[in-house]
Amino acid sequence: CKVSMAYEFELGIPAEDAGAEVAMKYYDEPQVLMVDSNFFSFFSFPLLQGDPGELFRARDHIVITESLAEKLFGEENALNKQIRIGEGGYYTVAGIAEDPPVASSYQFEALLGFHVLEEMGYPVDGYGGTMYFNNFKLAEGTDLLAMSEGINAHVEENFDADFDTHLFMDRLDRLHLHGENKGMIGYMINLIMSVVILLIACINFINLNTASSSLRLKEIAIRKSIGASKRQLVLQFMSESYLLLLVAFYLGFFIAEHLAGNTFRAFEVYIEDVVKNYVFWLQVVGIFILTGLLAGLYPSLKISGYNPLGYFSGKGVRNSRSGFRSRRVLIV
């Protein structure tokens, strides 16, 4: 099954009924693919309307996604409607597909027959590079290395060029993270950034907690002088940290669920809904506990270690800046 790279097309629909001279309204769609007629039987993209066996048999067939159908035609049924491509010909909506999941390597708003790529003048049968991907279903147990060597031998026999090239086959499920766009690099960068941002937040929390502890010296001194142990004080301050963290988690979830999604959509960036199963909630609980320990344990031990005698004698006030150097190191 051949699948082209994504192209941008102007898709036009009649703006109003105006007799023979129909005014057109155009939309720029950057994700239009040209595909073989077996696209929907080869891949698992769901087709909501239309006959997959008849798609692209005619030159003027176009398949659009559910979201594009709603964008172009509103609540009307888009099937069999006419769409004009640029200043060229009209195409008939022969099928409506479900929007591809955001994790798919093939993203599209509309699909045209592969013959359109040929009509645009691109060399589709040459050996000097193509504007499309070839996807194959291989028999189980096929030796990819041997097949790749056979492909290269075939190219060497038929392609007279002054440069060496090496072709190889790879599994489709590796394309998204290990293909030409190197999605794994972006994934690792995002993961590292997330961890760094979380650590910065923890360090800021430590600094704020230890800096504000000077305001609670009297409370700590009095509690210690009437018999409170260091363990009790650590538990108290850790509990306060976890309560504050719980509020932060709630706000974080609210922003992620309601505000971030709308912001992303404004820039036409779409994120797939996270499956909130038991694994997800175990990860959330793990991050919650770890973040609480990172952010709350040091300030709790620091605060609970103040000497009440030093406070009542006045020495504690002079030494309240004893942690200033460590806080500066954390800030840096």
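Note: the structure precedes this text.
Below or above, wherever it landed, is the structure these notes cover. Fair warning: this is a prediction, and the values are worked out from it, not measured in the lab.

1. So, the packing of aromatic side chains
- Counted according to the given criterion, the structure contains 16 aromatic pairs.
- On the numbers, 5.3 Å between centres and 85° between planes, the contact of F249 with F288 is edge-to-face. Of this pair, F249 sits in helix α8 (residues 230–266) while F288 sits in helix α9 (residues 278–304), and the two are 39 residues apart along the sequence.
- Residue class for F288 comes out buried when judged on its relative accessible area of 18%.
- In textbook terms, an aromatic cluster arises when at least three aromatic residues are bridged by ring pairs, as seen for F39, F40, F42, F43, F45, Y106, F108 and F133.

2. Comments concerning the pairing of strand β3 (residues 24–35)
- As judged from the seven bridges shared by strand β2 (residues 7–14) and β3, these two strands associate in the antiparallel manner. Note on β3: the bridge partner recorded for I13 is K25.
- Of the pairings in the sheet, the one linking β3 to strand β8 (residues 110–113) comprises four bridges and is parallel in character. Looking across to β8, one finds that V32 is bridged to A110.

3. Looking at the packing of helix α7 (residues 217–225) against α8
- It is the contact of α7 with α8, at a shortest axis distance of 11 Å, that shows an interaxial angle of 140°. For α7 against α8, the interelement crossing comes out right-handed. Two secondary-structure elements touch here, α7 through E219, I220, R223 and K224 and α8 through L233, Q236 and F237.

4. Observations regarding the nonpolar core
- F9, M34, I64, I83 and L112 are the most contacted members of the largest nonpolar core, which has 26 residues in total.
- When contributions to this core are tallied by element, the ones reaching two or more residues are β2, β3, β5 (61–65), α2 (66–73), β6 (82–85), β7 (90–97), β8 and α3 (115–119).

5. What about unusual backbone geometry?
- Positive phi, normally seen in glycine, also occurs at F56, with a value near 65°.
- Mapped onto the elements, F56 comes out in the loop between β4 (47–49) and β5.
- The backbone of N80 sits at a positive phi, close to 70°, despite the residue not being glycine.

6. What to know about the pattern of salt bridges
- Under the defined criterion, the tally for this structure stands at six salt bridges.
- We note a salt bridge from R59 to E119, for which the minimum N-O separation is 3.0 Å. With a gap of 60 residues between them, R59 in the loop between β4 and β5 and E119 in helix α3 connect regions that are remote in the sequence.
- Take R59: its relative accessible area is 44%, and that puts it in the partly exposed class.

7. Focus on the packing of helix α6 (residues 183–212) against α9
- At their nearest, the axes of α6 and α9 sit 9 Å apart, and the two run at 25° to each other. Between α6 and α9, the angle falls in the class roughly parallel. Once α6 is placed against α9, the crossing between them reads as right-handed. Where α6 abuts α9, its residues L198, L199, C202, F205, I206, N209 and T210 lie against I287, T291, L294, A295, Y298, P299, K302 and I303.
- Of the residues contributing to the contact of α6 with α9, the split by class is 11 nonpolar, three polar and one charged.

8. Comments concerning the pairing of β5
- A large share of β5 lies buried, amounting to five of its five residues.
- Residues of β5 alternate between two faces, with H61, V63 and T65 on one and I62 and I64 on the opposite face, all of them buried.
- The pairing of β5 with β7 spans five bridges and is parallel. Bridge pairing in β7 places H61 opposite T92.
- Here β5 runs beside β8; their pairing, made up of three bridges, is antiparallel. Of the residues in β8, the one forming a bridge with I62 is L112.

9. Things to note about the side chain of N135
- Along the chain, the position of N135 falls in the loop between β9 (132–134) and α4 (144–158).
- Here Y106 takes part through its side chain, which lies 3.1 Å from a polar atom of the side chain of N135.

Procedures and definitions
Residues numbered from 1 in each chain as written. Predicted model: local features only at pLDDT ≥ 70, side-chain atom pairs only at ≥ 80, totals over all residues. Heavy atoms only, no water. Phe/Tyr/Trp six-rings, centres within 6.5 Å; stacked < 30°, edge-to-face > 60°. Helix = DSSP H or I, 4+ residues; strand = E, 2+ residues; numbered from the N terminus. Buried < 20%, exposed > 50% of the residue type's maximum accessible area, 1.4 Å probe, protein only. Pairing = 2+ DSSP bridges. Axes fitted to C-alpha atoms, helices over the stretch in contact; angles between N-to-C directions. Left-handed = near helix turned anticlockwise from the far one by under 90°. Contact = heavy atoms within 4.5 Å. Core = buried A, V, L, I, M, F, W, Y, C linked by side-chain atoms within 4.5 Å. Salt bridge = Lys/Arg side-chain N within 4 Å of Asp/Glu carboxyl O. Parallel < 35°, antiparallel > 145°, perpendicular 65-115°, else oblique. Nonpolar A, V, L, I, M, F, W, Y, C, P; charged D, E, K, R; others polar. Polar contact = N/O pair within 3.5 Å; in protein donor to acceptor, adjacent residues only side chain to side chain.

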